[in-house]
Amino acid sequence: SVQVKYSRSDHEDRRSRHCPYLDTINRSVLDFDFEKLCSISLSHINAYACLVCGKYFQGRGLKSHAYIHSVQFSHHVFLNLHTLMFYCLPDNYKIIDSSLEDITYVLKPTFTKAQISNLDKQAKLSRAYDGTTYLPGIVGLNNIKANDYANAVLQALSNVPPLRNYFLEEENYKDIQRPPGDIMFLLVQRFGELMRKLWNPRNFKAHVSPHEMLQAVVLCSKKKFQITKQGDGVDFLSWFLNALSSALGGTKKKRTTVTEVFQGQMRIFTKKLPHPDLPAEEKEQLLQNEEYLETMLESPFMYLTLDLPTAPLYKDEKEQLIIPQVPLFSILAKFNGITEKEYKTYKENFLKRFQLTKLPPYLIFCIKRFTKNNFFVEKNPTIVNFPITNVDLREYLAEECQTTHKYTTYDLIANIVHDGKPSEGSYRIHVLHHGTGKWYELQDLQVTDILPQMITLSEAYIQIWKRRDDGEQNQEGA
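Definitions and cut-offs
Residues numbered from 1 in each chain as written. Predicted model: local features only at pLDDT ≥ 70, side-chain atom pairs only at ≥ 80, totals over all residues. Heavy atoms only, no water. Helix = DSSP H or I, 4+ residues; strand = E, 2+ residues; numbered from the N terminus. Buried < 20%, exposed > 50% of the residue type's maximum accessible area, 1.4 Å probe, protein only. Contact = heavy atoms within 4.5 Å. Core = buried A, V, L, I, M, F, W, Y, C linked by side-chain atoms within 4.5 Å. Pairing = 2+ DSSP bridges. Axes fitted to C-alpha atoms, helices over the stretch in contact; angles between N-to-C directions. Parallel < 35°, antiparallel > 145°, perpendicular 65-115°, else oblique. Left-handed = near helix turned anticlockwise from the far one by under 90°.

Trainee: Looking at this structure, I do not really get the side chain of histidine 69. What am I missing?
Mentor: Within the secondary structure, histidine 69 is located in helix α2 (residues 65–73). On the basis of relative accessibility, which here comes to 6%, the residue histidine 69 falls in the buried class. Not counting the four nearest positions on each side in its chain, histidine 69 is found in contact with Cys50, Cys53, Phe57, Ser74, His75 and Phe78.

Trainee: Explanation requested: the nonpolar core in the structure shown.
Mentor: Note that soluble globular proteins tend to have their nonpolar side chains buried in a common cluster. Within the largest apolar cluster, 103 residues are counted, with the highest numbers of intra-cluster contacts made by Leu187 and Phe262. Take this core: its biggest share by element is nine residues, from helix α9 (residues 233–247). Among the nonpolar cores identified, the runner-up in size contains 21 residues, and Tyr56, Cys88, Leu107 and Phe204 belong to it.

Trainee: Explain the pairing of strand β16 (residues 362–368) here, please?
Mentor: Along any regular strand the residues' side chains alternate between the sheet's two faces. Most of β16 sits out of view: six of its seven residues are buried. As defined by bridge partners, strand β12 (residues 304–307) adjoins β16 across four bridges and the pair is classed as parallel. Note that in β16 the partner of threonine 305 across the bridge is cysteine 366.

Trainee: Help me out: how do you make sense of the packing of helix α7 (residues 185–198) against helix α8 (residues 211–220) in this one?
Mentor: If you want to describe how two helices pack, look at the angle between their axes and the distance between the axes. Look at α7 against α8: their axes get within 9 Å of each other, and the N-to-C directions meet at 160°. Considering their axes alone, α7 and α8 lie roughly antiparallel with respect to each other. Read as a crossing pair, α7 and α8 show a hand that is left-handed. Between α7 and α8, the contacting residues are Leu186, Leu187, Arg190, Phe191, Glu193, Leu194 and Lys197 on the first element and Glu212, Met213, Ala216, Val217, Leu219 and Cys220 on the second.

And the structure:
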């Protein structure tokens with residue numbers, strides 16, 4: 001009876017080993033970055049990829065789109081995009097052949113703990129199917145229409161090791177319980193898939209399309225962020241980190257990998273100002289009232305906004321060529337606990353000062369280049385002069401917090417640049433490859449290496465800095 005029980009699958013296995021059509025598979029047309037739906041019925045259910053032409057079709061039975069395609073075009077080898085099983089059509093038997101493993105790996109790359117722990121230690125180039133070489137993790141992303149703002153942010157985040165490592169291993173989040181009908185978890189799944197594709201050492205092509213990730217962004221942001229119209233990198237980063245954290249179950253009390261990596265704490269001191277047109281005595285009097293006394297609020301932050309000094313309005317002939325420059329440390333002074341900044345609302349004016357109380361392992365700076373006037377958005381082209389390594393932020397910590405912070409020195413690992421006009425400009429990014437210690441510039445599909453000293457000449461918009469912890473203090477000298 002045992003014999004009978006297994007005979008069918010044995011028979012299927014025996015038949016499967018001799019599929020005569022494996023040499024018709026065309027790996028150069030296989031692209032699994034797009035939505036897994038049938039090119040005819042547009043259904044997600046039972047989608048198969050034809051491994052001869054790369055198109056997706058539904059079903060395997062008689063009259064199914066895949067079956068008809070196989071008869072019509074004599075394309076015989078299909079892959080079920082969900083179960084990762086191979087079939088020969090129209091004969092409809094399963095193919096089991098180890099030579100097909102590279103295809104399933106491209107569709108669903110997986111990483112072991114050992115592979116993940118070695119990612120930043122090695123600098124081995126991978127070779128794509130068409131012969132081009134690439135460094136895993138430093139790969140271009142397609143610009144589908146106007147999504148370079150999102151590409152730059154996703155590439156920056158994919159180079160933050162603890163965040164990347166968490167998402168490379170699906171085990172970390174596949175059991176998180178979400179309420180029924182919650183679409184936000186799609187962001188988590190798609191971001192994980194994108195990370196695994198970007199870091200895949202066995203890719204068929206040397207670039208990746210972020211198509212499915214971006215579709216999830218459009219859906220989950222209720223179309224606030226689009227593929228077809230340029231968005232703002234800082235708005236997208238802020239929304240994405242918060243959405244990702246809450247989809248992972250994060251709350252004010254419960255931390256997630258996102259908050260562990262990026263969240264710091266600060267104190268915000270706020271003082272209400274009397275109306276500037278009031279007589280001096282009246283102002284004096286008001287300042288005694290309770291509502292004009294300074295208040296203090298402890299607040300978490302995911303990134304720090306650095307304000308640029310106003311760019312000069314009038315330039316004479318000689319000054320025409322001078323682009324204003326400012327040292328990083330002078331715009332960081334906003335957080336020294338002393339510098340006061342005026343904030344105007346529709347009715348009231350406030351003075352605020354800021355002081356950091358907790359520095360995160362990875363610190364994000366957003367340099368405020370854009371100001372909205374009544375009529376248009378203006379861009380400040382001031383160049384920020386910053387060192388690439390060794391930025392010590394100890395002096396911006398409240399005194400009593402300095403003792404709890406053993407390490408306060410940061411090195412730059414990602415730098416997002418905005419070029420051109422506010423509404424129609426473009427984005428590119430500089431990233432540090434931890435394995436080689438080299439810097440690369442990525443702009444959509446283009447990947448080039450760049451000298452670190454060139455990075456500081458650009459209109460930096462978003463930066464990610466990594467704190468040096470145990471054993472990393474001496475790297476500079478090593």
